[in-house]
Amino acid sequence: MKVRPLSIEGAWEFTPQQFADTRGMFLEAFKADVLAETIGHRFDLAQTNMSVSSAGVIRGIHYADVPPGQAKYVWCPAGAVLDVIVDIRTGSPTFGQWDSVLLDDVDRRAVYISEGLGHAFCAIDDQSVVTYLCSTGYNPGAEHGINPMDPAIGIEWPTHDRDGAPLNYIVSGKDQEAPSLAQAREAGALPE
């Protein structure tokens, strides 16, 4: 498995080796020892989530209170998404910056997102499946969001789907009504 650090400290891309033959394909999507060596500690799996999204769906920017926070190991076993990691940690040298990785059913990359980072994605294929291994379980009182269209963050969302058709964004009411990064910072709602 190849590991590449992203431009946001605490986020990495993992690219598995794929073994194909006449029967199909096999790969190791998650390796605890490789992840632990990369992040410097064991990843404790508390919950696995899965979402299925139509092309144009944007989910996020989501994050959890720290402590305990919620680290995630994310991949897309079917379809394709542009996965986005946003540094929302006040005091971080990359505060307000973002990085992205194409997660799809071709290269089968995954990303690891440390506690305290924001996470979002845009589906660029219908029926895109995203799987999340989470270090803590869902806690509605500790879950928060930042508006994914915040111009101060300036995420360059894809404008076309996998086949080249224009995307029409679909964003939940909750994510549309989420505060901007500046508003969340002013409210003291961001991790440090």
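Residues numbered from 1 in each chain as written. Predicted model: local features only at pLDDT ≥ 70, side-chain atom pairs only at ≥ 80, totals over all residues. Heavy atoms only, no water.

Novice: Account for the overall build of the protein, with residues named and values stated.
Specialist: Along the backbone of the protein there are three helices and 14 strands. Relative to its length of 192 residues, the protein is compact, with a C-alpha radius of gyration of 16 Å against a globular reference of 16 Å. The C-alpha extent of the protein, read off along each of the three principal axes, is 55 × 40 × 30 Å. By residue count, 48% of the 192 residues in the protein fall in the buried class. A separation threshold of at least 6 residues defines the contact pool for the protein, and within that pool the share at least 24 residues apart is 80%. (Helix = DSSP H or I, 4+ residues; strand = E, 2+ residues; numbered from the N terminus. Rg over C-alpha atoms; globule rule 2.2 N^0.38 Å. Buried < 20%, exposed > 50% of the residue type's maximum accessible area, 1.4 Å probe, protein only. Contact = heavy atoms within 4.5 Å.)

Novice: Would you mind going over the UniProt feature "active site" (unreviewed entry) in the protein in detail, with residue names and values included?
Specialist: Mapped onto this numbering, the UniProt entry annotates "active site" (unreviewed entry) at His62 and Tyr132. Separation in sequence by 71 residues is not matched in space for these annotated residues, since their most distant C-alpha atoms are only 12.9 Å apart. Here His62 lies in strand β6 (residues 57-64). Once residues lying within four places of it in the same chain are set aside, the contact partners of His62 are Leu117, Gly118, His119, His144, Gly145 and Asp175. Separated by 3.5 Å, the side chain of His62 and the backbone nitrogen of Gly60 make a polar contact. Tracing the backbone shows Tyr132 in strand β12 (residues 128-134). Judged by relative accessible area, Tyr132 falls into the buried class, the value being 11%. Tyr132 has contacts with Gln47, Thr48, Asn49, Met50, Ser51, Arg59, Lys72, Tyr73, Val74, His119 and Phe121, leaving out every residue within four places of it along the chain. (UniProt positions renumbered as here; feature names shortened; annotations may be inferred. Polar contact = N/O pair within 3.5 Å; in protein donor to acceptor, adjacent residues only side chain to side chain.)

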